[in-house]
Amino acid sequence: MASGDGSRPGDTGEDARVSRTRADVARAALEVLTTEGSDAVTHARVAEVAGYSKTTLYTHWPARVDLIAMAIESIGEMPHHDRTGVLRDDLIAELQVFRAGILEMRLDRVLSAMAEWASEEQMARIRNRVNTDGQHQMYEMLGELFSGPALDAAVSMLTGVVACPAIMYGNMPDDAVIEAAVDVVLNGHSHSQA
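Residues numbered from 1 in each chain as written. Predicted model: local features only at pLDDT ≥ 70, side-chain atom pairs only at ≥ 80, totals over all residues. Heavy atoms only, no water.

**Here's the deal with the layout of surface pockets**
The test is simple: A 1.4 Å probe that fits but cannot get out identifies a cavity on a 1 Å grid over protein atoms alone, an open set with protein on both sides within 12 Å along at least five of seven lines counts as a pocket, and a residue lines either if it has an atom within 4 Å of a point. Grid points are joined across faces, edges and corners, and a volume is the space filled by probe spheres set on the points. Runs of E in the DSSP output that reach at least two residues are strands. Runs of H or I that reach at least four are helices, and both are numbered from the N terminus. Residues are grouped as follows: Ala, Val, Leu, Ile, Met, Phe, Trp, Tyr, Cys and Pro are nonpolar; Asp, Glu, Lys and Arg are charged; every other residue, Gly included, is polar.
When its volume is computed, the largest pocket comes out at roughly 350 Å³. Lining the largest pocket are 20 residues, with Phe 98, Asn 131, Gln 135, Thr 159 and Ala 163 sitting closest to its centre. Mapped by element, the contributors of at least two residues to the lining of the largest pocket are α5 (87-105), α6 (107-116), α7 (121-142) and α8 (148-169). In the lining of the largest pocket, the residues fall into twelve nonpolar, seven polar and one charged.

Here it is as structure tokens:
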């Protein structure tokens, strides 16, 4: 694998020094991304935060998208709610965990960066992985009621009630909005069954 492919330390059989450098740069890139935004993720800024030279960064990660991809890859798995078996409560709790993740991990900046770099093939792979990881529990829960395009729409509507205000307006929905969104989706299913 090429060094700028977003792989994690240790995946390539690299030596400890290279793994440490990759981890340091990934942490620094994520810090810059989540605190300063994607425009600030430059070789110079990440090198400064990581404590490495720009030359080192350019050698291993020649494009800005490499740094942004590595930052996003370093997030790891998305947090999820432990299901109780009560669908409405579980959907609400999963959206509340998503909201908390956006606030605590500054996922709004991560989502914005992914949208900005969407045309890059490398970013498309990462975006697909993040979406799959982030939405799999919603798909499982809503898959009990919906299938096909209706399932995709229900997941998009519910995750969008948190993601869209965060990205577009810089604010988060309160519990009442999350609960109302869940009720709209669940009531829509009830009406389609009648």
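**Considering a nonpolar patch on the surface**
To keep it simple, the criterion reads: Patch construction takes residues with relative accessible area above 30% that form no salt bridge. Like charges are linked within 9 Å, and nonpolar side chains (Val, Leu, Ile, Met, Phe, Trp, Tyr) are linked within 5 Å. Shrake-Rupley sampling with a 1.4 Å probe provides the accessible areas, and residues are treated as covered by the protein chains on show and by no other component. What makes a salt bridge here is a side-chain nitrogen of Lys or Arg within 4 Å of a carboxyl oxygen of Asp or Glu, nothing more. Whether a residue is buried, partly exposed or exposed follows from its accessible area with a 1.4 Å probe, protein chains only, as a fraction of its type maximum: under 20%, in between, or over 50%, in that order.
Side chains of Ile 167, Met 168 and Tyr 169 sit close together on the surface and give an oily, nonpolar patch of about 370 Å² of accessible area. Along the polypeptide, Ile 167 turns up in helix α8. A relative accessible area of 36% means that Ile 167 is categorised as partly exposed.

**Focus: the nonpolar core**
The tendency in soluble globular proteins is for nonpolar side chains to be buried as a group. Put simply, the rule reads: Definition used in this section: a nonpolar core is a set of buried Ala, Val, Leu, Ile, Met, Phe, Trp, Tyr and Cys residues joined via side-chain atoms within 4.5 Å. Any two residues whose heavy atoms approach within 4.5 Å at even a single point are treated as in contact.
Val 46, Ile 72, Leu 91, Leu 142 and Leu 158 are the most contacted members of the largest nonpolar core, which totals 55 residues. Only α1 (16-36), α2 (43-50), α4 (64-73), α5, α6, α7, α8 and α9 (175-193) provide two or more residues apiece to this core. The element best represented in this core is α8, accounting for eight residues. In contact with Ile 72, not counting residues within four places along its chain, are Leu 33, Val 110, Ala 113, Met 114, Met 123, Ile 126, Arg 129 and Val 130.

**Remarks on α7**
Under the convention used in this document: Here a helix's expected span is defined as the number of its residues, less one, multiplied by 1.5 Å. Note that bend, as reported per residue, equals the angle between axes fitted to the 7 residues terminating at that residue and the 7 residues originating from it.
For α7, built from 22 residues, the straight-helix expectation of 32 Å at 1.5 Å per residue is met to within 8% by its first-to-last C-alpha distance of 30 Å. Taken as a whole, α7 carries its principal kink of about 50° at Gln 135. What α7 keeps buried is the set Gln 122, Met 123, Ala 124, Ile 126, Val 130, Asp 133, Gln 137, Met 138, Met 141 and Leu 142.

**A closer look at the side chain of Glu 94**
Put simply, the rule reads: The convention is simple: Lys and Arg are positive, Asp and Glu are negative, and His and the chain ends are not counted. Between N or O atoms, a polar contact is any pair within 3.5 Å; within protein, one atom must be a potential hydrogen donor and the other a potential acceptor, and residues adjacent in sequence are included only when both atoms are from side chains.
Here Glu 94 lies in helix α5. At 8.0 Å, Arg 83 is the nearest oppositely charged side chain to Glu 94, a buried residue that forms no salt bridge. In this structure the side chain of Glu 94 is engaged in a polar contact, spanning 2.8 Å, whose partner is the backbone nitrogen of His 81. Excluding residues within four positions of it along the chain, Glu 94 makes contact with Pro 79, His 80, His 81, Gly 134, Gln 137, Met 138 and Met 141.

**Some words on the confidence of the model for the protein**
As a reminder, the rule being used: Within a predicted model, pLDDT stands for the predictor's per-residue confidence, ranging from 0 to 100.
The predicted model of the protein averages 84 in pLDDT, with 90% of residues at 70 or higher. When the criterion is pLDDT under 50, residues 1-10 qualifies, and its contacts beyond four places in sequence or with other chains add up to 23 contacts.

**Re the packing of α7 against α8**
Keep this limit in mind: Each axis is a line fitted through C-alpha atoms, and for a helix only the stretch in contact is used; angles between axes span 0 to 180 degrees, taken between their N-to-C directions. Here roughly perpendicular refers to angles of 65 to 115 degrees, roughly parallel to angles under 35, roughly antiparallel to angles over 145, and oblique to all remaining angles. It is the rotation of the near helix from the far one that decides the hand of a crossing: anticlockwise by less than a right angle makes it left-handed, clockwise makes it right-handed.
Interhelical geometry of α7 versus α8 gives an angle of 130° and a closest axis separation of 10 Å. Taken together, α7 and α8 sit at an angle that is classed as oblique. Taken as a pair, α7 and α8 cross one another with a handedness that is right-handed. In this structure, α7 contributes Gln 135, Met 138, Tyr 139 and Leu 142 to the contact, and α8 contributes Leu 151, Asp 152, Ala 154, Val 155, Leu 158 and Thr 159. Taken together, the residues of the contact of α7 with α8 break down into seven nonpolar, two polar and one charged.

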